[in-house]
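Commentary on secondary and tertiary structure
Listed below, chain by chain, are the residues.
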Amino acid sequence: MKKFINDILNTINIENIDKGISTFNKAIQDFGDSMDSITKEMSSDIEKSNKESKDREKRNKENLDKIWGKRD
């Protein structure tokens, strides 16, 4: 059992661990960048939708005023 543990410890290399951590870190950063991009895109779509909704609401009110006359 002791030989098996020594073999495992000898196989583990600090350089390999460092490479693994660096690769993992890069993957997490790429994922974060992707999430930022998606969030910005969704926020932009929501803002556009809200603006279009307000424009439709204004046009609908104007049309109703034309049909029924202005209500004060």
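In short, a report on the structure. (Residues numbered from 1 in each chain as written. Predicted model: local features only at pLDDT ≥ 70, side-chain atom pairs only at ≥ 80, totals over all residues. Heavy atoms only, no water.)

1. Focus: helix H2 (residues 14-68)
- In this model, H2 (55 residues) spans 80 Å end to end at C-alpha, consistent with the 81 Å of a helix rising 1.5 Å per residue.
- After H2 finishes, the residue Gly69 shows a positive phi value of roughly 85°. (Helix = DSSP H or I, 4+ residues; strand = E, 2+ residues; numbered from the N terminus. Expected span 1.5 Å × (residues − 1).)

2. Quick notes on the pattern of salt bridges
- Per the stated rule, a full pass over the model turns up three salt bridges.
- The salt bridge involving Asp30 is made with Lys26; its shortest N-O contact spans 3.0 Å. Of this pair, Asp30 and Lys26 both sit in helix H2, four residues apart, which is roughly one turn of that helix.
- For Lys26, a relative accessible area of 47% puts it in the partly exposed group.
- Asp65 is paired through a salt bridge with Lys61; the nearest N and O atoms lie 3.2 Å apart. Residue Asp65 and its partner Lys61 are located together in helix H2, separated by four residues, close to a single helical turn. (Salt bridge = Lys/Arg side-chain N within 4 Å of Asp/Glu carboxyl O. Buried < 20%, exposed > 50% of the residue type's maximum accessible area, 1.4 Å probe, protein only.)

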